[in-house]
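Below, each chain spelled out in residue letters.
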Amino acid sequence: MSDPATETRCVIVEREIPHPPEKIWRALTQPHLLEEWLMKNDFKPAVGHRFSFRMDPQPGWSGVIDCEVRVVEPNKTLSYSWGTLGLDSAVTFTLTPTDAGTHLRVEQSGFRPDQEQAYAGATYGWRNFFTKLEQVLARTD
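### Observations regarding the layout of surface pockets
As a volume, the largest pocket reaches approximately 610 Å³. Taken together, 22 residues line the largest pocket, and the ones lying closest to its centre are Thr84, Gln117, Ala118, Gly121 and Ala122. Element by element, the count of residues in the lining of the largest pocket is highest for helix H3 (residues 116–139), at 10 residues. Among the residues forming the lining of the largest pocket, the class breakdown is 13 nonpolar, seven polar and two charged.

Here's what the structure looks like:
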């Protein structure tokens, strides 16, 4: 039997995007494009690379998210750790080619029951980030 106090939840957002996986991959892995839809960063698509996402500091938060690349399968899967404010989670993007373009799925896992605010923020945040991503893809080659 599992212990509800140690069970974690995940946020999953999925979209059908009318662009090929290669184009979406560039937006997920090129720092200047990542900054346009997600946050300022020093990302490199290399397993083991430590990097951070940075936003303007907020009351009670430095605005820094510490990450480490875990999986890089070009045009298919990208995963990295995502640590901030006591949250130790993982973000995984999965790209699946479709007739109309690409099925893009993001899963952020590792939310403890006592991290309701972080879970709610991620649920809202990833939906918002995906909308910005689609805008970036619409205007880039």
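### Considerations on the environment of Trp37
Looking at the secondary structure, you find Trp37 in helix H2 (residues 31–37). When the C-alpha positions of Trp37 and Val136 are compared, they lie 6.8 Å apart, and in sequence the two are 99 residues distant.

### Thoughts on the pairing of strand S3 (residues 50–54)
With two bridges joining them, strand S2 (residues 40–41) and S3 adopt antiparallel strand pairing. Looking at the pairing, Asn41 lines up with Phe53 of S3. Of the strand pairs in this sheet, S3 and strand S4 (residues 64–73) are connected by five bridges, and their pairing is antiparallel. Counterpart to Arg54 in the pairing with S4 is Val64.

### Looking at the sheet that holds S4
With antiparallel pairing, the seven strands of this open sheet are ordered in space as S1-S7-S6-S5-S4-S3-S2. Strand pairing shows two members of the sheet lacking a second neighbour, strand S1 (9–17) and S2, which therefore form its edges. Bridging between strand S6 (residues 87–98) and strand S7 (residues 101–111) involves nine bridges; their strand directions are antiparallel. Within S7, the position partnered with Thr96 by the bridge is His103. Strand contacts of helix H1 (residues 21–29): S1, S4, strand S5 (77–84), S6 and S7, with the helix running at about 160 degrees to S6, the strand carrying the most contacts.

### Regarding empty space enclosed by the protein
In this approach the atoms are scanned with a rolling probe the size of a water molecule, which exposes any empty space left behind. Counting across every chain of the model gives one cavity of 30 Å³ or more. Here the largest cavity is characterised by a volume of approximately 30 Å³. In terms of lining residues, the largest cavity is bounded by Lys23, Arg26, Ala27, Leu33, Val136, Leu137, Thr140 and Asp141. The set of elements that each furnish at least two residues to the lining of the largest cavity consists of H1 and H3. Take the lining of the largest cavity: its biggest share by element is three residues, from H1.

### Looking at the nonpolar core
Among soluble globular proteins, nonpolar side chains are generally buried collectively. Judged by nonpolar contacts, the single largest core of 37 residues is most densely connected at Trp37, Phe53, Tyr80, Trp82, Phe93 and Trp126. Sort the elements by how many residues they give to this core and H3 lands first, with eight residues. When near neighbours in sequence (up to four residues on either side) are disregarded, Tyr80 contacts Leu38, Phe43, Phe51, Phe53, Cys67, Glu68, Val69, Arg70, Ser89, Ala90, Val91 and Phe93.

So, how was this worked out
- Numbering of residues starts from 1 in each chain and follows the order in which that chain's sequence is written.
- Only residues with pLDDT of 70 or above have their local features reported here, since the model is predicted, and side-chain atom pairs are shown and tallied only from 80 upward, although totals for entire chains, interfaces and linings are computed over all residues.
- As a rule here, side-chain values come from all non-hydrogen atoms in the structure, and water together with hydrogens is ignored.
- A 1.4 Å probe that fits but cannot get out identifies a cavity on a 1 Å grid over protein atoms alone, an open set with protein on both sides within 12 Å along at least five of seven lines counts as a pocket, and a residue lines either if it has an atom within 4 Å of a point.
- Grid points are joined across faces, edges and corners, and a volume is the space filled by probe spheres set on the points.
- Counting from the N terminus, the helices are DSSP H or I runs at least four residues long and the strands are E runs at least two residues long.
- Amino acids are sorted into nonpolar (Ala, Val, Leu, Ile, Met, Phe, Trp, Tyr, Cys and Pro), charged (Asp, Glu, Lys and Arg) and polar (every other residue, Gly among them).
- In this analysis, strands are considered paired if DSSP registers two or more bridges between them.
- Any two residues having at least one pair of non-hydrogen atoms within 4.5 Å are treated as being in contact.
- The axes are straight lines fitted to the C-alpha atoms, using for helices just the contacting stretch, and the angles between their N-to-C directions are given from 0 to 180°.
- Residues grouped as a nonpolar core are buried Ala, Val, Leu, Ile, Met, Phe, Trp, Tyr and Cys residues, joined through side-chain atoms within 4.5 Å.
- Under the scheme applied here, a residue whose accessible area is under 20% of the maximum for its type counts as buried, over 50% as exposed, and between as partly exposed, the area being computed with a 1.4 Å probe on protein chains only.

Spatial relationships are all this shows, so hold off on functional conclusions.
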